[in-house]
Amino acid sequence: MSTAKIHAARAGAAERAVLSRHVRRLWGLPGTALGVARWPVGLAGRAHVRFGYWWQAHLLDCVLDAQLRAPDARRVALAGRLVRGIRLRNLGGWVNDYYDDIAWLGLALQRAEREVGISRPGALATIARRLRGAWTDHAGGGIWWKVDDDFKNVPANGPAAILLARLGEPDRAAATVDWIEEHLRDEGTGLLWDGLHVHPDGTVREVERNLYTYCQGVVLGACVELAGPHDDRAARIVDAVADHLAVDGVLRGHGGGDAGLFGGILARYLAQAALRLRRPQAARAADLVLRSAEAVWGNRTAAAGGPVFGPDWARPARSPAGDAPERDLSVQLGGWMALEAAALLERDGVGRG
């Protein structure tokens, strides 16, 4: 095999493994598809008892990544079935009570329209309207994590900022990034904390100072999307991630469940930074993506259908059995995302060396 296409081949293997093991019809309905939360699939999985709304958005995003890597009409059809499956499983609507969830679905739907012509303008309008309405002056601005809560966090504000920028609302997106930078930046590392809790009178009660790869990824993505004066912020985040959230250039893992997606999200937006920043940090971002993708692949194990990835890319993956996080769709999507990010850089001629 030509080394020029090695990352594309690996991403293809990841795609086939995830689709064969995790994607099923929703309740047996024709014209639908949905990701099963855990594999091997039991009765609860076949019934899609556990939905994982935002995991489905990332599954759709990964399918779109694969379509850009290797266009195929069958993949476009699958994307359409996933969109229908998500809406039906969400009981006919597009939104829920979590603003981070709906921002992620908005991003995936916006890409589906742009990349493969699957248009859901009503859904995007509903999601954008809901996100705009989540902004309040509590703690100086920002949107809530969920309805009727006291928490404002980066995981909700970051993807909302990316979506608003892509929908032609750069001022709203910039204001969101400015709020994050003012309230949730760790001056010592340059990284972004998780979020903050707010008293009813709008004052800050407590700051959650956890440092997740997820948070860095979404703010990096927003800064890259906004470009211009935000390039300096993007460059700072790349450096901070390399210095504090990677080991030998490999992004740190945070476990299974929702955390299984965190590293993949950061890899996705590091790849965008590598392609769009024009400074030394572009090369550093590319190196993080490519080293992480090498670790994802090098530490894989095997099961029916193909490779299995672990929640910590620097360690060998385990068999997807019992309570192992390797069973989680999120963990497998995270690995797939990293491999697609590396394949994207490969197509653009970006590499280490």
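Residues numbered from 1 in each chain as written. Predicted model: local features only at pLDDT ≥ 70, side-chain atom pairs only at ≥ 80, totals over all residues. Heavy atoms only, no water.

K.L.:
Is there a simple way to explain the pairing of strand β4 (residues 195–198) in this structure?
P.N.:
Remark: a regular strand shows side chains that alternate across the two faces of the sheet. Burial along β4 is two-sided: the face carrying Gly195 and His197 and the face carrying Leu196 and Val198 are both buried. Hairpin connection from β4 to strand β5 (residues 204–208): 5 residues lie between these consecutive antiparallel strands, with Gly202 at a positive phi of about 95°. (Buried < 20%, exposed > 50% of the residue type's maximum accessible area, 1.4 Å probe, protein only. Helix = DSSP H or I, 4+ residues; strand = E, 2+ residues; numbered from the N terminus. Pairing = 2+ DSSP bridges.)

K.L.:
Help me understand unusual backbone geometry, please; the structure alone is not making it clear to me.
P.N.:
A negative phi angle is the norm for most residues apart from glycine, just as the trans form is the norm for most peptide bonds. The amide bond that connects Trp39 to the next residue, Pro40, takes the cis arrangement and shows omega of 0°. Along the chain, Pro40 falls in the loop between β2 (34–35) and α2 (43–46). Phi at His48 is positive, roughly 55°, even though this residue is not glycine. The exposure class of His48 is buried, given its relative accessible area of 2%. Although it is not a glycine, Leu91 adopts a positive phi angle of roughly 60°. If you trace the backbone, Leu91 turns up in the loop between α4 (73–89) and α5 (99–116).

K.L.:
I keep staring at the packing of helix α7 (residues 154–166) against helix α8 (residues 170–184) and nothing clicks. Help me out?
P.N.:
As a packed pair, α7 and α8 sit with axes 7 Å apart at the nearest point and diverge in direction by 155°. Classified by the interaxial angle, the pair formed by α7 and α8 is roughly antiparallel. Considering the relative orientation of α7 and α8, their crossing is left-handed. Judged by residue contacts, Val154, Asn157, Gly158, Ala161, Leu164 and Ala165 of α7 engage Pro170, Arg172, Ala173, Thr176, Val177, Trp179, Ile180 and Leu184 from α8. For the contact of α7 with α8, a count of residues per class yields 10 nonpolar, 3 polar and 1 charged. (Axes fitted to C-alpha atoms, helices over the stretch in contact; angles between N-to-C directions. Parallel < 35°, antiparallel > 145°, perpendicular 65-115°, else oblique. Left-handed = near helix turned anticlockwise from the far one by under 90°. Contact = heavy atoms within 4.5 Å. Nonpolar A, V, L, I, M, F, W, Y, C, P; charged D, E, K, R; others polar.)

K.L.:
Would you explain the pattern of salt bridges in this entry?
P.N.:
Opposite charge on two side chains lets them pair, provided their charged atoms get close. Throughout the structure, instances matching the rule amount to 27 salt bridges. Among the salt bridges present, the one from Arg132 reaches Glu169, with a minimum N-O distance of 2.6 Å. Here the residue Arg132 occupies a position in helix α6 (residues 121–133), and Glu169 occupies one in the loop between α7 and α8, the gap between them amounting to 37 residues. Exposure remark for Arg132: the relative accessible area of 30% places this residue in the partly exposed category. Judged by its relative accessible area of 16%, Glu169 falls in the buried class. With a closest N to O distance of 2.8 Å, Arg185 and Glu181 form a salt bridge. Classification of Arg185 by relative accessible area gives partly exposed; the value is 26%. (Salt bridge = Lys/Arg side-chain N within 4 Å of Asp/Glu carboxyl O.)

K.L.:
How do you make sense of the layout of surface pockets when you look at a structure like this?
P.N.:
A probe matching the size of a water molecule, rolled over the atoms, marks out where space remains unfilled. Its volume calculated, the largest pocket comes out at about 280 Å³. Surrounding the largest pocket, 19 residues form its lining, Asp65, Arg111, Arg268, Gln272 and Leu344 being those nearest its centre. Elements that contribute at least two residues to the lining of the largest pocket include exactly α3 (53–69), α5, α11 (262–276) and α13 (329–347). Among the residues forming the lining of the largest pocket, the class breakdown is 7 nonpolar, 1 polar and 11 charged. Each pocket or cavity is described by its volume, and for the second largest pocket that value is around 240 Å³. In this structure, the second largest pocket is lined by Trp54, Tyr98, Asp100, Asp101, Trp145, Asn153, Pro155, Asp194, Tyr212, Tyr214, Asp258 and Phe262. (1 Å grid on protein atoms, 1.4 Å probe; cavity = no way out; pocket = protein on both sides within 12 Å on 5 of 7 lines; lining within 4 Å. Points joined across faces, edges and corners; volume = space filled by probe spheres on them.)

K.L.:
Teacher, can you tell me more about the side chain of Asn90 here?
P.N.:
Mapped onto the elements, Asn90 comes out in the loop between α4 and α5. Looking at Asn90, its side chain comes within polar contact range of the main-chain oxygen of Val95, at 3.1 Å. Contacts of Asn90, omitting those with residues within four sequence positions, involve Phe51, Tyr53 and Val95. (Polar contact = N/O pair within 3.5 Å; in protein donor to acceptor, adjacent residues only side chain to side chain.)

K.L.:
Looking at this structure, I do not really get the packing of aromatic side chains. What am I missing?
P.N.:
Where two aromatic rings form a pair, the distance of their centres and the angle of their planes describe that pair. The final tally for this structure, using the stated rule, is 8 aromatic pairs. With 5.8 Å between their ring centres and 75° between their planes, Phe51 and Tyr53 make a pair best called edge-to-face. Exposure class is identical for Phe51 and Tyr53. Each is buried. On the basis of an interplanar angle of 35° and a centroid distance of 6.5 Å, the ring pair of Trp54 and Trp104 is categorised as tilted. Separated by 50 residues along the polypeptide, Trp54 in helix α3 and Trp104 in helix α5 bring together distant segments of the chain. Note on accessibility: Trp54 and Trp104 belong to one class, buried. By way of ring pairs, the aromatic residues Trp54, Trp104, Tyr212, Tyr214 and Phe262 are connected into one cluster. (Phe/Tyr/Trp six-rings, centres within 6.5 Å; stacked < 30°, edge-to-face > 60°.)

K.L.:
What exactly am I supposed to notice about the environment of Ala14 here?
P.N.:
For Ala14, the location among the structural elements is in helix α1 (residues 6–22). Ignoring sequence-local partners within four residues, the contact set of Ala14 consists of Pro307, Phe309, Trp336 and Leu339.

K.L.:
Which parts of the structure should I look at to understand empty space enclosed by the protein?
P.N.:
The tally for this structure, following the rule as stated, stands at 1 cavity of 30 Å³ or more. Forming the boundary of the largest cavity are 13 residues, of which Gly253, Gly260, Gly263, Pro311 and Trp313 lie nearest the centre. Among the residues making up the lining of the largest cavity, the classes are represented as 5 nonpolar, 7 polar and 1 charged.

K.L.:
Just checking my understanding: could you explain the sheet that holds β4 for this structure?
P.N.:
By definition, the strands of a sheet pair up through backbone hydrogen bonds, in either a parallel or an antiparallel sense. Spatial ordering of the open sheet is given by β3-β4-β5, a layout of 3 strands whose pairing is antiparallel. This sheet does not close on itself; its edge strands, each paired only once, are β3 (151–153) and β5. Each strand of the sheet is rotated relative to its neighbour by a mean of 20°, with strand direction disregarded. Sheet analysis places β3 next to β4, joined by 3 bridges and oriented antiparallel. Looking at β4, one finds that Lys152 is bridged to Leu196.

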